[in-house]
Amino acid sequence: MSGPATNAPDIAVLLPCYNEAATIGQVVRDFRAALPEARIYVYDNNSTDGTALTAMLAGATVVRERRQGKGHVVRRMFCDIDADIYIMADGDGTYGPADAEELVRTLITERVDMVVGTRRGVHADAGRNGHAFGNRLFNGLYRLLFGNDFTDILSGYRAFSRRYVKSFPAISGGFEIETEMSVHASRLKLPVTELELNYGRRPAGSQSKLSTFRDGFKILGMFAMLMKETRPFAFFATIASAFLMAGILFGAPVIVEYLQTGLVPRMPTWVLSLCLVGLSFVSFAGGVILDSVAQGRNELLRLHYLSLPSIYSGKRSDPAEEAARKRDAA
């Protein structure tokens, strides 16, 4: 991280918070000590316990996001803040600010667009048994559906390049935003890496905002939505296979009976089986068409990503040029 000041990357630390007054002050101070050159932003998501005031007194720039949910906060942060490197963490003190410099160093030396701070031991103990089981389930499901890029997709401690942040659409509303971040990287085949870090427990007086079942179902829904959007052929081919199997299951006995007697006494069952087979062909055709559409969208996202300046090229973006490019895009 040493070198001439003119070549030092512009770093922004982003901390989404909801009722974290018990911890946010120390978190901000620790990040200030770990990254003295960084700008620290706390995005307060309708806290009622004095989180915003505590963060401001600790030296952070505080912004309020009124739409409730971590996804809304992340979307706002990524839209508002311009930097070369972004560090995102939680305000509850479970992620160590002292590890931030290593995240930045890894991002630069590995020349990647995202470094995920994987949580050491999280699959064995995530605070509650339900959370640990959910982490194992969702990470296994991710590897099955989207690839082997990540081992801890739900980690909230990450470092990003500007290219990643400004090409990330961010459509999630809640804690499923981490899943969407991982899928975005896998979808565009961006260079990413992981860094195993210690994961702490919340101090006394700080309560988790996660709900095992509610947020778990939201993440499952996000898996389904992202599968439909990024891999529509596989998504609709699975549905088509289910319809086809159901159609064969209902139709086979009718066919056997027809071959034996020459009669079709169960006409409603036969009609149902034909409808199910027809739906399977429609779903399969829809998957083929939407797969071509998804490929085109991926190409556009990739081109937009490539149009953004890279911190590894040695060229720094000019503020005037950036403002003109935003006006042209609008």
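Residues numbered from 1 in each chain as written. Predicted model: local features only at pLDDT ≥ 70, side-chain atom pairs only at ≥ 80, totals over all residues. Heavy atoms only, no water.

1. A closer look at the overall build of the protein chain
Point 1. Broken down by element type, the protein chain carries 11 helices and seven strands.
Point 2. Taking the intrachain contacts of the protein chain between residues at least 6 apart in sequence as the baseline, contacts between residues at least 24 apart amount to 74%. (Helix = DSSP H or I, 4+ residues; strand = E, 2+ residues; numbered from the N terminus. Contact = heavy atoms within 4.5 Å.)

2. Thoughts on the packing of helix α3 (residues 70–80) against helix α7 (residues 177–187)
Point 1. One way to put it is that α3 packs onto α7 with a least axis distance of 9 Å and a crossing angle of 50 degrees. By the angle between their axes, α3 is oblique relative to α7. Where α3 approaches α7, its residues Lys70, Gly71, Val74 and Phe78 are matched on the opposing element by Ile177, Glu178 and Met181.
Point 2. In terms of residue class, the contact of α3 with α7 is built from four nonpolar, one polar and two charged. (Axes fitted to C-alpha atoms, helices over the stretch in contact; angles between N-to-C directions. Parallel < 35°, antiparallel > 145°, perpendicular 65-115°, else oblique. Nonpolar A, V, L, I, M, F, W, Y, C, P; charged D, E, K, R; others polar.)

3. Examining helix α4 (residues 100–109)
Point 1. Looking at α4, one finds that the buried residues are Ala100, Leu103, Val104, Thr106 and Leu107. Here the buried residues of α4 occupy an arc of 160 degrees about the axis, which is enough to place them on one side.
Point 2. As for α4, its buried residues are in contact with β1 (11–17), α1 (24–34), β4 (85–88), β5 (114–119), β6 (158–161) and β7 (192–197).
Point 3. Once α4 finishes, Arg111 follows within two positions and takes phi at roughly 55 degrees, a positive value. (Buried < 20%, exposed > 50% of the residue type's maximum accessible area, 1.4 Å probe, protein only. Arc of directions from axis to C-beta.)

4. Re the packing of aromatic side chains
Point 1. This structure, assessed with the given rule, holds 14 aromatic pairs.
Point 2. Geometrically, the ring pair formed by Tyr95 and Tyr157 is tilted, given 5.3 Å between the ring centres and 40 degrees between the ring planes. A residue pair is termed long-range when its members are at least 10 positions apart, and Tyr95 in the loop between β4 and α4 and Tyr157 in the loop between α5 (129–146) and β6 qualify at 62 residues. Each member of the pair, Tyr95 together with Tyr157, is buried.
Point 3. The rings of Phe78, Tyr86, Phe160, Tyr164 and Phe168 are connected pair by pair, giving a single aromatic cluster.
Point 4. Its guanidinium or amino end placed over the ring of Tyr199, Arg119 lies 5.4 Å from that ring's centre, counting from NZ or CZ. (Phe/Tyr/Trp six-rings, centres within 6.5 Å; stacked < 30°, edge-to-face > 60°. Lys NZ or Arg CZ within 6 Å of the ring centre and 35° of its normal.)

5. Brief notes about unusual backbone geometry
Point 1. A positive phi is found at Asn46, a non-glycine position, where the angle reads about 65 degrees.
Point 2. Tracing the backbone through its elements, the reader meets Asn46 in the loop between β2 (39–44) and α2 (51–57).

6. Remarks on the environment of Val63
Point 1. Relative to the helices and strands, Val63 is located in strand β3 (residues 61–64).
Point 2. A sequence separation of 21 residues divides Val63 from Val42, and the C-alpha atoms of the two residues are 6.3 Å apart.
Point 3. If near-sequence neighbours (up to four positions away) are discounted, Val63 is found in contact with Val42, Tyr43, Asp44, Arg76 and Asp80.

7. Some details on a nonpolar patch on the surface
Point 1. A cluster of nonpolar side chains, contributed by Ile255, Tyr258, Leu259, Val264, Met267 and Val271, occupies part of the molecular surface with about 550 Å² of accessible area.
Point 2. Elements represented by at least two residues in the nonpolar patch include exactly α9 (232–261) and α10 (267–307).
Point 3. If you tally residues by element for the nonpolar patch, the top one is α9, at three residues.
Point 4. Note that Leu259 resides in helix α9. (Patch = residues over 30% accessible without salt bridge, like charges linked within 9 Å, V, L, I, M, F, W, Y side chains within 5 Å. Areas by Shrake-Rupley, 256 points an atom, 1.4 Å probe, with all protein chains shown as cover. Salt bridge = Lys/Arg side-chain N within 4 Å of Asp/Glu carboxyl O.)

8. Description of the sheet that holds β2
Point 1. Within the open sheet, the seven strands sit side by side as β3-β2-β1-β4-β6-β5-β7. Their pairing is mixed. The open sheet is flanked by β3 and β7, the only strands paired with a single partner. Adjacent strand axes in the sheet meet at a mean angle of 20 degrees when their direction is disregarded.
Point 2. The pairing of β4 with β6 spans four bridges and is classified as antiparallel. The residue bridging Ile87 from the neighbouring strand is Ala159, located in β6.
Point 3. Where α1 meets the sheet, its contacts fall on β1, β2 and β4, and the angle it forms with β1 comes to roughly 170 degrees. (Pairing = 2+ DSSP bridges.)

9. Describing the side chain of Glu178
Point 1. Here Glu178 lies in helix α7.
Point 2. Apart from the residues lying within four places of it in its own chain, the contact partners of Glu178 are Lys70, Ile153, Leu154, Ser155, Gly156 and Arg158.

Such coordinate-based values are descriptive only and should not be taken to indicate function.
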